[in-house]
Amino acid sequence: MADTRRMATALKAANLALLVLYPVAWAAPLMRAGFLPLFGLDEISVLSGLQALWRSDIFLALVVTVFALFAPWLKTLGLALIQFGILDRRALGAVSLLGKLAMADIFLIAVYITLAKGIGVGRIETAWGLYLFTGCILASLLISLAESRGGTRLD
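Here we summarise the structure given alongside this text. Note that the structure is a prediction, hence the values are computed from the model and not measured.

With that settled, the discussion passes to helix 3 (residues 58–83). Over its 26 residues, helix 3 extends 36 Å from the first C-alpha to the last, a length consistent with the 38 Å expected when each residue adds 1.5 Å. For helix 3, the principal kink sits at F70 and spans about 35°; a proline, P72, occurs within the next four residues. Where helix 3 starts, the residue carrying a side-chain oxygen 3.4 Å from the main-chain nitrogen of F59 turns out to be D57. A positive backbone phi angle near 75° is found at G85, which sits one or two residues after helix 3.

With the rule as written, the count across this model stands at four salt bridges. Two residues, R32 and E43, come together in a salt bridge whose shortest N-O distance is 3.3 Å. Of this pair, R32 sits in strand 1 (residues 29–34) while E43 sits in strand 2 (residues 42–45); the two residues are 11 residues apart in sequence, bridging distant segments of the chain. Looking at R32, the relative accessible area reads 24%, which means it is partly exposed. In this structure E43 comes out as partly exposed when scored by relative accessible area, which is 48%. Between E147 and R89 there is a salt bridge, with the nearest N and O atoms lying 2.9 Å from each other. Placement of E147 in helix 5 (residues 128–150) and of R89 in the loop between helix 3 and helix 4 (92–119) is noted, with a sequence separation of 58 residues between them. With a relative accessible area of 1%, E147 lands in the buried category. The class for R89 is partly exposed, based on a relative accessible area of 27%.

Cut-offs applied
- Residues numbered from 1 in each chain as written.
- Predicted model: local features only at pLDDT ≥ 70, side-chain atom pairs only at ≥ 80, totals over all residues.
- Heavy atoms only, no water.
- Helix = DSSP H or I, 4+ residues; strand = E, 2+ residues; numbered from the N terminus.
- Expected span 1.5 Å × (residues − 1).
- Bend = angle between axes of the 7 residues up to and from the residue.
- Polar contact = N/O pair within 3.5 Å; in protein donor to acceptor, adjacent residues only side chain to side chain.
- Salt bridge = Lys/Arg side-chain N within 4 Å of Asp/Glu carboxyl O.
- Buried < 20%, exposed > 50% of the residue type's maximum accessible area, 1.4 Å probe, protein only.

Okay, structure coming up:
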């Protein structure tokens, strides 16, 4: 019983930490990119990338905003509501679906980096924000998996 209680508390704390870490990851540099090796590198974050998208392709910006910002944060918030007994556990399936949608943007970022490095015109370096953002998504996935297996809600 005490182990279950500790696990439930740890899952709640980790999930609540994600509500703070996601906005940090959105503002953190995902990569540094430059056109030619002689020029300096510009830092690109989720937020700066979205700003550029909103200026050039509104539909794509809307899709990426949903996958990169709303899906992971709403999933984390929904899971917190389930953990604290505010939302019924039957909603866990829908909440987990939001987490799967959030994984799509990590894949897209990886594809963009791979393509850009393969072209060889510019220079791209991954930055710490990519690892933080990926870590947040993966932690959220693991937390919801543990939550769905354990049902460790405390009242």
